[in-house]
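# Examination of the molecular architecture
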Amino acid sequence: MTDSPLEYNFEDLFVGQKANFLKKIDEVLVNDFAKISGDFNPLHMNKEYASTTNFGKRVCHGMLLASFFSQLIGMYLPGKNSLYFSQTLNFRNPCFVDDNITIEGEIIEKKSNIKLITIKTTIHNKTGTCLIDGIAKVIVR
């Protein structure tokens, strides 16, 4: 992906339309997110501490994963003409450092009178396990 967002008009969008992209969750992302968010919980940041938990290793910040929905909406679906209205989040399973993830959105509803689309948002790991899901409501300007 370039730094230029896709540019869909409301009329071009359709129920069932999908977009997705891949990310690798690495040390740099986790450390940078901790600095930005101020969340240095040892479950996320301390390998020794995390090894004593039921997860057995460091868990990626859930909100770091959820932040990729902003990239999904702002860059891919619908892209340039989007304005986030709301987003629900369900944290289903943990993500770990060095996991590869897929961020996906699918339009499940269009409201023409207010130019609003509803997008089912999901993040899965490489085995297909759902890590986060939710519903985004997006105004298409």
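Scroll up to find the structure.
Residues numbered from 1 in each chain as written. Predicted model: local features only at pLDDT ≥ 70, side-chain atom pairs only at ≥ 80, totals over all residues. Heavy atoms only, no water.

Moving on, we come to helix H4 (residues 62-76). Because each turn of an α-helix spans 3.6 residues, side chains separated by three or four positions end up pointing in the same direction. When the terminal C-alpha atoms of H4 are compared, their 21 Å separation across 15 residues agrees well with the 21 Å that a helix rising 1.5 Å per residue should span. Considered for burial, the residues of H4 that qualify are Leu64, Leu65, Ala66, Phe68, Phe69, Leu72, Ile73, Met75 and Tyr76. (Helix = DSSP H or I, 4+ residues; strand = E, 2+ residues; numbered from the N terminus. Expected span 1.5 Å × (residues − 1). Buried < 20%, exposed > 50% of the residue type's maximum accessible area, 1.4 Å probe, protein only.)

Further remarks concern the environment of Ile103. Along the chain, Ile103 falls in strand S4 (residues 100-111). Overall, Ile103 belongs to the buried group, its relative accessible area being 0%. Note: C-alpha distance between Ile103 and Ile73 (30 residues apart in sequence) is 11 Å. Residue contacts for Ile103: discarding those within four places in its chain leaves Ala19, Asn20, Phe21, Lys23, Phe68, Phe69, Leu72, Thr122 and Ile123. (Contact = heavy atoms within 4.5 Å.)

Following the criterion strictly, the structure yields one aromatic pair and no others. Directly above the ring of Phe96 sits Lys57, whose terminal nitrogen or CZ lies 4.7 Å from the centroid. Sitting above the plane of the Phe10 ring, Lys110 keeps its charged end 4.3 Å from the centroid. (Phe/Tyr/Trp six-rings, centres within 6.5 Å; stacked < 30°, edge-to-face > 60°. Lys NZ or Arg CZ within 6 Å of the ring centre and 35° of its normal.)

A few words now on the nonpolar core. Ranked by internal contacts, the top residues of the largest apolar core, which has 31 residues, are Leu65 and Ile101. Looking at this core, the elements that each hand over two or more residues are strand S1 (18-24), helix H1 (27-37), H4, S4, strand S5 (116-125) and strand S6 (130-140). If you tally residues by element for this core, the top one is H4, at nine residues. Setting aside residues up to four positions removed in sequence, Ile101 forms contacts with Phe21, Leu22, Lys23, Ile25, Leu65, Phe68, Cys95, Ile123, His124, Asn125 and Leu131. (Core = buried A, V, L, I, M, F, W, Y, C linked by side-chain atoms within 4.5 Å.)

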